[in-house]
Amino acid sequence: AREVSAFFARQLQGRSGSIALTQSGDNLLETGITREFRRLMREACPQITVLDDLPFVHHTAANIRRVTDLITNTPDLVGAFITAGDACAAWAAAKKALGKTDLIIVGTDYTDEALTLLENGEIQAFVAQPIYEETQTSVVALDAILRGKDFPAVCRLEAPLVTKETAEKYSRLLQEVRNWYV
């Protein structure tokens, strides 16, 4: 939330309007992130209103319709912060269909698709949720617990903001994962 709000503050300097939030559902992690994002945006960008969360469903076409309706019905919309997976594609499709070239989209979707959308300028950034590191840490934790060893209840993993300027590292990481599975 800290990096995303700072990114929006830099991008929206001198602008006013509103930012949309989308979540994949009611879960503690996404709710905590959006709550902190709202707080930080009030401090960094008091001229920006952060809208209520738009929940996403598990169907891309329906999400594109939801986003298209939100953009159409919110003429002062300047950006969107997405904590829902697969939502980068929905926001990019709606943005493109409506010709909203100045809409700043920041997602949370560390995939090949998100990287392509970023490289093409259809989204401006995404949070690199540490999916592989989360899985690896889970296995290490389970191993430690099964061996009767202590393991911390909370493990802090990095989830950096990726922009066009920093995307190369993440493209390489995804390629390494694809190579490993082949």
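Scroll up to find the structure.
Everything numeric in this text was worked out from a predicted model, so none of it was measured. For every chain, the first residue of the written sequence is number 1, and numbering continues from 1 along that sequence. It should be noted that, the model being predicted, local features are given only for residues of pLDDT at least 70 and side-chain atom pairs only at 80 or more, the latter also being counted only at that level, while totals for whole chains, interfaces and linings use all residues. Hydrogens and water are ignored here; the side-chain numbers use all heavy atoms of the structure.

**Concerning the pairing of strand 1 (residues 17–23)**
Along any regular strand the residues' side chains alternate between the sheet's two faces.
In step 1: Counting buried positions over the seven residues of strand 1 gives seven, a clear majority of the element.
In step 2: As judged from the six bridges shared by strand 1 and strand 2 (residues 48–55), these two strands associate in the parallel manner. Of the residues in strand 2, the one forming a bridge with Ser18 is Thr49.
In step 3: Strands were regarded as paired on the criterion that DSSP finds at least two bridges between them. A run of H or I in DSSP becomes a helix once it reaches four residues, and a run of E becomes a strand once it reaches two; helices and strands are each numbered from the N terminus. Sheet analysis places strand 1 next to strand 3 (residues 77–82), joined by five bridges and oriented parallel. Within strand 3, the position partnered with Ser18 by the bridge is Leu77. The buried label applies to any residue whose accessible area, calculated with a 1.4 Å probe on protein chains only, is under 20% of its type's maximum; exposed applies above 50%, and partly exposed to all values in between.

**Side note on the nonpolar core**
In step 1: For our purposes a nonpolar core is just a set of buried Ala, Val, Leu, Ile, Met, Phe, Trp, Tyr and Cys residues, chained together by side-chain atoms within 4.5 Å. Judged by nonpolar contacts, the single largest core of 31 residues is most densely connected at Phe56, Val67, Ile71, Trp91, Ile123, Phe126 and Val162.
In step 2: At the level of secondary structure, the elements contributing two or more residues to this core comprise helix 3 (60–73), strand 3, helix 4 (87–98), helix 5 (112–119) and helix 7 (167–181).
In step 3: Here, two residues are considered to be in contact whenever any of their heavy atoms come within 4.5 Å of each other. If we ignore the near neighbours within four places in the chain, the residues touching Ile71 are Leu77, Trp91, Ala94, Lys95, Leu98, Lys100 and Leu103.
In step 4: Residues Cys45, Val50, Phe81 and Val106 belong to the second largest nonpolar core, which totals 18 residues.

**A short note on the pattern of salt bridges**
In step 1: Each reported salt bridge corresponds to a side-chain nitrogen of Lys or Arg within 4 Å of a carboxyl oxygen of Asp or Glu. For the structure on display, the rule yields six salt bridges.
In step 2: Between Asp102 and Arg15 there is a salt bridge; the shortest N-O distance is 3.6 Å. Of this pair, Asp102 sits in the loop between helix 4 and strand 4 (104–107) while Arg15 sits in the loop between helix 1 (2–11) and strand 1, placing them 87 residues apart in sequence.
In step 3: Among the salt bridges present, the one from Asp53 reaches Arg38, with a minimum N-O distance of 2.9 Å. With Asp53 in strand 2 and Arg38 in helix 2 (residues 28–44), this pair connects stretches of sequence that are 15 residues apart.
In step 4: Note on Asp53: relative accessible area 30%, which makes it partly exposed.
In step 5: Connected through shared salt-bridge partners, Glu36, Arg39 and Glu43 make up one network.

**Re the packing of aromatic side chains**
In step 1: Each Phe, Tyr or Trp ring (for Trp, its six-membered ring) is paired with any other whose centre lies within 6.5 Å, and the angle between the two planes then decides the class: stacked below 30 degrees, edge-to-face above 60, tilted in between. Scanning the entire structure with this criterion turns up three aromatic pairs.
In step 2: A centroid spacing of 6.4 Å and a plane angle of 75° characterise the contact between Phe7 and Phe8, whose relative ring orientation is edge-to-face. Here Phe7 matches Phe8 in class, with each residue buried.
In step 3: Aromatic pair Phe37 and Phe81: ring centres 4.9 Å apart, planes at 50°, arrangement tilted. Residue Phe37 is located in helix 2, and its partner Phe81 is located in strand 3; the two are separated by 44 residues in the primary sequence.
In step 4: Accessibility expressed as a relative area gives 0% for Phe37, which makes it buried.
In step 5: One aromatic cluster in this structure is built from Phe7, Phe8, Phe37 and Phe81.

**Points about the environment of Thr101**
In step 1: Within the element layout of this structure, Thr101 appears in the loop between helix 4 and strand 4.
In step 2: What makes Thr101 exposed here is its relative accessible area of 73%.
In step 3: Separated by 20 residues in sequence, Thr101 and Gly121 place their C-alpha atoms 9.3 Å apart.

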